[in-house]
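Next come the chains, spelled out residue by residue.
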2 protein chains.
Amino acid sequence: MKRYAGYVFDLDGTLYLGDHAIPGAPETLAELRRRGARIAFLSNKPIEPAASYAAKLNRLGIQAAVEEVINSSIVMARYLSRTAPGARVYLIGEEPLAEELRKRGIRIVADPLDCEYVVVSWDRQFTYQKLNDALQAIRNGARFIATHPDRTCPVPGGEVADVGGMIGAVEGVTGKKVELITGKPSPITVQEAMNLLGLPPDQCIMVGDRLETDMRMGREAGMATALVLTGVTRREQVESSPWKPDYVLESVRGLIG
Amino acid sequence: MKRYAGYVFDLDGTLYLGDHAIPGAPETLAELRRRGARIAFLSNKPIEPAASYAAKLNRLGIQAAVEEVINSSIVMARYLSRTAPGARVYLIGEEPLAEELRKRGIRIVADPLDCEYVVVSWDRQFTYQKLNDALQAIRNGARFIATHPDRTCPVPGGEVADVGGMIGAVEGVTGKKVELITGKPSPITVQEAMNLLGLPPDQCIMVGDRLETDMRMGREAGMATALVLTGVTRREQVESSPWKPDYVLESVRGLIG
């Protein structure tokens with residue numbers, strides 16, 4: 001397998017499953033670092049801060065600096081601070097996202113009629129009241145954007161409702177489609193990863209377990225792509241997908257095999 | 001204007017607006033009754049019992065018996081008791097709907113893995129927990145049906161989030177479209193109105209203020225249709241609609257004019 005200057009790794013289903021490292025992942029990452037590769041860790045999950053992901057990776061034997069981790073909260077906060085500095089946001093989302101936004105000068109407002117953006121994310125405290133606030137804000141001219149597109153999040157034994165529910169609810173009452181999603185597979189997320197690595201896409205490979213987010217984003221950005229079969233995708237699904245990866249690997253171990 | 005044996009009236013925007021009768025509505029209804037017409041009152045709003053609507057109509061000077069009122073809660077309860085007697089339901093909805101369901105032998109269950117149907121309705125106590133329960137139920141094989149399709153409900157000075165938000169949320173996490181909506185403009189609702197009037201559709205007229213629910217349902221059922229301009233629709237919108245009514249009236253007064 002070809003060697004790349006930069007490796008962008010999805011997390012869940014790629015480097016770990018729940019609380020267990022994928023067998024071979026710690027050794028693979030150690031070997032890539034030994035070879036001098038640059039590494040980024042990329043997750044759509046906005047409900048924990050980057051430091052938690054870095055801590056988890058280290059706990060599982062995978063060396064990771066907090067600066068190497070990008071999740072959809074960080075991408076959204078950077079996107080807004082770049083394109084609408086100091087923007088006023090009505091937030092459907094959890095505290096780690098609010099924290100990222102505030103850190104970059106975005107103001108979270110309680111009054112839906114006093115915002116320029118409705119930012120929708122995974123929110124386990126989502127209520128009718130928040131939904132109705134979002135309706136009033138968007139009727140009043142606020143833009144409607146979201147952190148990531150995932151319908152559900154895998155958990156041991158099944159899956160739980162993710163941001164797809166909150167986006168669907170707001171679309172359902174406003175009759176409007178979400179205008180922008182900054183997380184995977186958006187090019188906004190690729191750009192953040194390339195900035196972090198300091199490399200152009202054609203020197204990097206995207207490694208993940210999902211065709212419609214990880215592989216799609218990598219291909220569209222001009223990166224090489226490697227699908228691992230340790231997560232949600234089975235080998236049979238590759239053939240019928242429009243997002244065929246360059247490599248299909250039993251696990252990340254194949255990157256150094 | 002032609003006389004009909006049966007008149008099916010939408011409520012909000014047609015006979016009253018908020019807490020005020022549409023001028024001429026009481027006299028019109030009284031005259032229709034004097035002529036021997038049969039009357040049904042039809043609302044998609046599930047958050048109050050039929051008795052509340054009858055009481056409100058009487059308070060506004062419009063004679064109405066509770067048996068003449070059909071709302072989307074009643075239609076859903078009758079539909080389920082007819083097609084799935086004793087069914088077990090996980091409910092996203094408010095107490096008046098739960099009450100109608102229980103009255104007809106439908107069991108409301110708290111465990112999403114113990115239901116055959118997820119019934120989705122307007123629920124001002126909607127939460128993430130209910131959304132996630134609906135996901136688990138539908139993953140487990142439960143059918144996904146809803147009382148009515150309205151995105152919003154008009155209120156003085158604006159509109160508030162209606163069942164469209166709850167349907168959108170569940171569609172957003174399951175990736176499945178709602179299988180059946182029993183309220184307007186469903187033929188299930190027309191059938192309930194025809195049963196109530198004891199008349200065939202071609203002897204009846206549907207009177208309402210919405211093209212895409214009231215007029216559509218009336219036309220599809222083979223009823224005559226009269227659009228009133230006292231609610232959400234303006235005359236200019238009629239031309240471009242696929243649901244052109246037989247009559248466009250300034251108000252219900254035109255029915256006897």
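Residues numbered from 1 in each chain as written. Chains lettered and ligands numbered in written order. Predicted model: local features only at pLDDT ≥ 70, side-chain atom pairs only at ≥ 80, totals over all residues. Heavy atoms only, no water.

- The name given to chain A in an unreviewed UniProt entry is Acid sugar phosphatase, with Symbiobacterium thermophilum as the source organism.
- Taken from UniProt, the Function (unreviewed entry) comment for chain A reads in full: "Catalyzes the dephosphorylation of 2-6 carbon acid sugars in vitro." (UniProt positions renumbered as here; feature names shortened; annotations may be inferred.)

**Section: the interface of chain A and chain B**
Working step 1: The interface of chain A with chain B comprises 28 residues on the first partner and 28 residues on the second.
Working step 2: Surface buried jointly by chain A and chain B totals about 2000 Å² across both partners, of which 59% is contributed by carbon and sulfur atoms.
Working step 3: Where chain A packs against chain B, one counts two salt bridges.
Working step 4: Its salt-bridge partner being Arg139(B), residue Glu159(A) comes within 2.6 Å of it at the nearest N-O pair.
Working step 5: Elements supplying a minimum of two residues to the side of chain A that touches chain B: helix H5 (128-139), strand S11 (158-161) and helix H6 (163-174) of chain A. (Contact = heavy atoms within 4.5 Å. Buried area = accessible area lost by both parts, 1.4 Å probe. Salt bridge = Lys/Arg side-chain N within 4 Å of Asp/Glu carboxyl O. Helix = DSSP H or I, 4+ residues; strand = E, 2+ residues; numbered from the N terminus.)

**Description of the packing of helix H3 (residues 72-83) of chain B against helix H4 (residues 95-103) of chain B**
Residue and element names in this part refer to chain B.
Working step 1: Between H3 and H4, whose axes approach to 8 Å, the crossing angle comes to 30 degrees. Our classification of the angle between H3 and H4 gives roughly parallel. Between H3 and H4 the crossing geometry is right-handed. Counted together, Ser73, Ile74, Met76, Ala77 and Leu80 of H3 and Pro96, Leu97, Glu100 and Leu101 of H4 form the full contact between these two elements.
Working step 2: Of the residues contributing to the contact of H3 with H4, the split by class is seven nonpolar, one polar and one charged. (Axes fitted to C-alpha atoms, helices over the stretch in contact; angles between N-to-C directions. Parallel < 35°, antiparallel > 145°, perpendicular 65-115°, else oblique. Left-handed = near helix turned anticlockwise from the far one by under 90°. Nonpolar A, V, L, I, M, F, W, Y, C, P; charged D, E, K, R; others polar.)

**Quick notes on the packing of aromatic side chains**
Working step 1: Under the counting rule described, the total for this entry stands at seven aromatic pairs over all chains.
Working step 2: A network of ring pairs unites the aromatic residues Tyr4(A), Tyr7(A), Phe9(A) and Phe41(A) as a single cluster.
Working step 3: Across from the ring centre of Tyr16(B), 3.9 Å away, lies the NZ or CZ of Lys56(B), which sits over that ring.
Working step 4: The lysine or arginine in question, Arg124(B), covers the ring of Trp122(B), its NZ or CZ lying 5.6 Å from the ring centre. (Phe/Tyr/Trp six-rings, centres within 6.5 Å; stacked < 30°, edge-to-face > 60°. Lys NZ or Arg CZ within 6 Å of the ring centre and 35° of its normal.)

**Some words on the relation of the copies chain A and chain B**
Working step 1: Under the fitted operation, chain A is carried onto chain B by 0.0 Å of movement along the axis and a turn of 180 degrees, and the coordinates agree to an RMSD of 0.0 Å. Given the turn and translation reported, the copies of this chain are related as if by a two-fold rotation axis.
Working step 2: Both copies share a contact surface, since 100% of the interface residues of chain A are interface residues in chain B too. (Least-squares fit on C-alpha atoms with pLDDT ≥ 70 in both.)

**Section: the pairing of strand S4 (residues 38-43) of chain A**
Residue and element names in this part refer to chain A.
Working step 1: Burial of S4 is extensive: five of the six residues sit out of reach of the surface.
Working step 2: Note: strand S1 (residues 6-10) against S4, five bridges, orientation parallel. Residue glycine 6 lies in a different strand from S4, and its bridge partner there is arginine 38.
Working step 3: When S4 meets strand S5 (residues 69-71), the two strands line up parallel, connected through three bridges. Pairing of serine 43 across the sheet is with asparagine 71, part of S5.
Working step 4: Note on the crossover from S4 through helix H2 (residues 50-59) to S5: the handedness is right-handed. (Buried < 20%, exposed > 50% of the residue type's maximum accessible area, 1.4 Å probe, protein only. Pairing = 2+ DSSP bridges. Right-handed = clockwise from strand over helix to strand, strands pointing away.)

**Examining the layout of surface pockets**
Working step 1: Its boundaries defined by the atoms lining it, the largest pocket holds a volume of some 900 Å³.
Working step 2: In this structure, the largest pocket is lined by 31 residues; those nearest its centre are Gly172(A), Arg151(B), Gly168(B), Glu171(B) and Lys177(B).
Working step 3: Sorting the residues of the lining of the largest pocket by element identifies H6 of chain A together with helix H6 (163-174) and helix H8 (211-221) of chain B as the ones contributing at least two each.
Working step 4: Within the lining of the largest pocket, the residues separate by chemical class into nine nonpolar, 10 polar and 12 charged. (1 Å grid on protein atoms, 1.4 Å probe; cavity = no way out; pocket = protein on both sides within 12 Å on 5 of 7 lines; lining within 4 Å. Points joined across faces, edges and corners; volume = space filled by probe spheres on them.)

**Regarding the side chain of His148(B)**
Residue and element names in this part refer to chain B.
Working step 1: Mapped onto the elements, histidine 148 comes out in the loop between strand S9 (143-146) and strand S10 (152-155).
Working step 2: Residue class for histidine 148 comes out buried when judged on its relative accessible area of 1%.
Working step 3: Within the structure, histidine 148 has its side chain in polar contact with the side chain of threonine 147 (distance 2.7 Å).
Working step 4: Among the polar contacts made by the side chain of histidine 148, one reaches the side chain of aspartate 162 at a distance of 2.9 Å.
Working step 5: Not counting chain neighbours up to four residues away, the residues in contact with histidine 148 comprise Asn44, Pro46, Ser72, Ser121, Trp122, Asp162, Val163, Ile167, Ile181 and Gly183. (Polar contact = N/O pair within 3.5 Å; in protein donor to acceptor, adjacent residues only side chain to side chain.)

**A short note on unusual backbone geometry**
Working step 1: The step from Lys184(A) to Pro185(A) runs through a cis peptide bond, and the omega angle for that step is 5 degrees.
Working step 2: By secondary structure assignment, the location of Pro185(A) is in the loop between strand S12 (180-181) and helix H7 (187-197).

**Overview of the UniProt feature "binding site: Mg(2+)" (unreviewed entry) in chain A**
Residues and elements named next belong to chain A.
Working step 1: In this structure's numbering, the residues bearing the UniProt feature "binding site: Mg(2+)" (unreviewed entry) are Asp10, Asp12 and Asp209. Of the residues just listed, which span 200 residues, no C-alpha pair is farther apart than 8.3 Å, and they cluster in one region.
Working step 2: Mapped onto the elements, aspartate 10 comes out in strand S1.
Working step 3: Apart from the residues within four sequence positions on either side, aspartate 10 is in contact with Leu15, Leu42, Lys184, Met206, Val207, Gly208, Asp209 and Asp214.
Working step 4: Take aspartate 12: it is sitting in the loop between S1 and strand S2 (16-17).
Working step 5: In this structure, aspartate 12 is in contact with Leu17, Gly18, Pro154 and Asp209, ignoring residues within four places of it in sequence.

**Focus on the domain arrangement of chain A**
Residue and element names in this part refer to chain A.
Working step 1: Once the domains are mapped, chain A shows domain 1 (6-44 + 184-255) and domain 2 (82-181).
Working step 2: Distance between the C-alpha centres of domain 1 and domain 2: 27 Å.
Working step 3: If you sort the residues of domain 1 by the area they bury against domain 2, Asn44, Ile188 and Arg210 come out on top, with a joint share of 53%.
Working step 4: Where domain 1 touches domain 2, the interface holds one salt bridge. (Domains from an automatic or database assignment.)

**Considering the sheet that holds S4(A)**
Residues and elements named next belong to chain A.
Working step 1: An order of S5-S4-S1-S13-S14-S15 is seen for the six strands of this open sheet, with the pairing classed as parallel. Each edge of the open sheet carries a strand with a single partner, namely S5 and strand S15 (247-249). Pairs of neighbouring strands in the sheet enclose a mean axial angle of 20 degrees, with direction left out of account.
Working step 2: Of the pairings in the sheet, the one linking strand S13 (residues 204-208) to strand S14 (residues 224-228) comprises four bridges and is parallel in character. If you follow glycine 208 over to S14, its bridge partner there is leucine 227.
Working step 3: Running over the sheet, H2 touches S4 and S5 and is turned about 130 degrees from S5.
Working step 4: Sheet strands touched by helix H3 (residues 72-83): S4 and S5. Its angle to S5, the strand with the most contacts, is close to 80 degrees.

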